[in-house]
Amino acid sequence: MKFKTRQIHSGVEPYPLTGSILTPIYQTTTYVQESVDRYMSRGYSYSRSGNPTVRALERKLTDLEGGADTACFATGMAAINALFMGVLNAGDHAVISDVAYGGTYRLATKVFARFGVEFTFADTARNDAVKRSRRSNTRLILTETPANPTLKYSDLAAISEIARAGKAIHAVDNTFLTPFYQRPIELGADVVIHSTTKYFDGHNATVGGAAVSRTPELDRTIRFIQNATGTIMSPQVAWLTLQGTKTLSVRMERQCANAAAIAAFLERHPKVTRVMYPGLESFPQHDLARRQATGFGAMLWFEVRGGVEAGKRLMDAVQLCTLAENLGSVETLITHPVTMTHADVEAAERKRVGITDGLVRVSVGMEDVDDLIVDLDTALRRV
């Protein structure tokens, strides 16, 4: 079956007792066992170790990403934490994209570095830089592509080869494009990370995460950490995410089309000095974006003439676009990364990787694109 069919039907089946078309919310702590000798005969014992509602979502995401299995978490950062804990020990080294979500940077530099794990934040858009960053004790390469917030791309097939050559695991944060547009495991990646909060949910209703593994062995490693630390997804969140995932492709197609139109409008606007959207031919890695994925996504960023203060006035002036953290929802969200999503990244590091103080990030939603353009144009005229 094709993706648009599988996003609806994979991983779920009618409830056998009633025929309910929707997977029930198994809001339970524990599961009655048949006998001591038949412990876990039904597959469940305690909801920290497994829940049928969550399991349905895990099966669906496994199918959509083409992995061996999936572990769903309380947040996307919980999934990355489990990955780090599962594959990194004191004295190990990891390479991470120099442009990444601020929470990933914070977890690496402020938490795991305290326990003797070393990190190099490399320009993963350059394969030679990844090779130079690799050491004899490198156990993990984590790429975020497109990267948050600059949208820098990494060549996933090439970096997967580099990781394999050094016997390291290649993990990819695929939150921005989802498996509808980009399938890292098909390109050689070992683990795919998602913040399900974003496009899988799509409605600003939940917080969740997932780690999809290429092999059962990697899944068991990550799932052991999840069970040991208790960073599980709740059944209510899993149920809501199951419903959101059914419309993933429809939402992404509409949001991507809106983003392309808005990027083209901004590129022509006299008060905008710079626009970055992978679908624009002016985007530096446009060719890689076309080759590696089947769509360009719904994220873009731009800078306003007049610098930081002008950008802030713009974000305060919009009426339809919503000033808020998060992305991937049906509502268009506008964000100032330096103040909001990447505040924990040191100013010098932000400057080094191109996260400028005047960068305005937009997660384009499903509203009528003409209304969005009018809103942005009106706000731009006021700055």
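In what follows, the structure referred to is the one given above.
Quantities reported herein were computed from a predicted structural model and do not represent experimental measurements. (Residues numbered from 1 in each chain as written. Predicted model: local features only at pLDDT ≥ 70, side-chain atom pairs only at ≥ 80, totals over all residues. Heavy atoms only, no water.)

### A short note on the sheet that holds strand S4 (residues 138-144)
If you trace the 7 strands from one edge of the open sheet to the other, you get S1-S7-S6-S5-S4-S2-S3, paired in mixed fashion. If you trace the sheet from one side to the other, it starts and ends with strand S1 (69-73) and strand S3 (118-122), each paired once. Strand after strand, the sheet turns through a mean of 20° between neighbouring axes, direction not considered. In this structure, strand S2 (residues 93-97) lies alongside S4, joined through 4 bridges in parallel fashion. Each bridged residue has a counterpart across the sheet, and for Ile96 the counterpart in S4 is Leu142. Taken strand by strand, helix H2 (residues 52-65) contacts S1, strand S6 (191-195) and strand S7 (209-213), and its axis lies near 130° from that of S1. Across the sheet, helix H4 (residues 102-111) touches S2, S3 and S4, and the angle it forms with S3 is around 145°. (Pairing = 2+ DSSP bridges. Helix = DSSP H or I, 4+ residues; strand = E, 2+ residues; numbered from the N terminus. Axes fitted to C-alpha atoms, helices over the stretch in contact; angles between N-to-C directions. Contact = heavy atoms within 4.5 Å.)

### What to know about the pattern of salt bridges
Across all of its chains, the model carries 19 salt bridges by this definition. Close ionic contact of Lys152 with Asp123 constitutes a salt bridge, the shortest N to O distance being 3.0 Å. Taken together, the residues Lys152 in the loop between S4 and helix H6 (156-165) and Asp123 in the loop between S3 and helix H5 (127-133) connect sequence positions 29 residues apart. On the basis of relative accessible area, Asp123 is assigned to the partly exposed category, the value being 22%. The shortest N-O distance in the salt bridge between Arg126 and Asp128 comes to 3.2 Å. Its relative accessible area of 35% is what places Asp128 among the partly exposed residues. Where salt bridges share partners, they join Arg55, Glu58, Asp69, Asp219 and Arg223 into one cluster. (Salt bridge = Lys/Arg side-chain N within 4 Å of Asp/Glu carboxyl O. Buried < 20%, exposed > 50% of the residue type's maximum accessible area, 1.4 Å probe, protein only.)

### Looking at the layout of surface pockets
Considered as a void within the structure, the largest pocket measures approximately 390 Å³ in volume. Around the largest pocket sit 21 residues that line it, and Gly76, Met77, Tyr101, Ser195 and Lys198 are the ones nearest its centre. Elements represented by at least two residues in the lining of the largest pocket include exactly helix H3 (76-87) and S6. Size it by volume and the second largest pocket reaches roughly 250 Å³. Of all elements in the fold, only H2 and helix H8 (216-229) reach the threshold of two or more residues within the lining of the second largest pocket. Per-class residue counts for the lining of the second largest pocket are 7 nonpolar, 8 polar and 4 charged. (1 Å grid on protein atoms, 1.4 Å probe; cavity = no way out; pocket = protein on both sides within 12 Å on 5 of 7 lines; lining within 4 Å. Points joined across faces, edges and corners; volume = space filled by probe spheres on them. Nonpolar A, V, L, I, M, F, W, Y, C, P; charged D, E, K, R; others polar.)

### Remarks on the packing of H3 against H8
For the pair H3 and H8, the least separation of the axes is 9 Å and the interaxial angle reads 110°. Compared by their axis directions, H3 and H8 come out roughly perpendicular. Considering the relative orientation of H3 and H8, their crossing is right-handed. When H3 is examined against H8, the residues Ala82, Leu83, Met85, Gly86 and Val87 are found in contact with a partner set consisting of Leu218, Thr221, Ile222, Ile225 and Thr229. Class assignment for the residues of the contact of H3 with H8 results in 7 nonpolar, 3 polar and no charged. (Parallel < 35°, antiparallel > 145°, perpendicular 65-115°, else oblique. Left-handed = near helix turned anticlockwise from the far one by under 90°.)

### Considering the environment of Asn204
The topology assignment puts Asn204 in the loop between S6 and S7. At 3.1 Å, the side chain of Asn204 forms a polar contact with the side chain of Ser329. Polar side-chain contacts of Asn204 include one of 2.9 Å to the side chain of Glu331. (Polar contact = N/O pair within 3.5 Å; in protein donor to acceptor, adjacent residues only side chain to side chain.)

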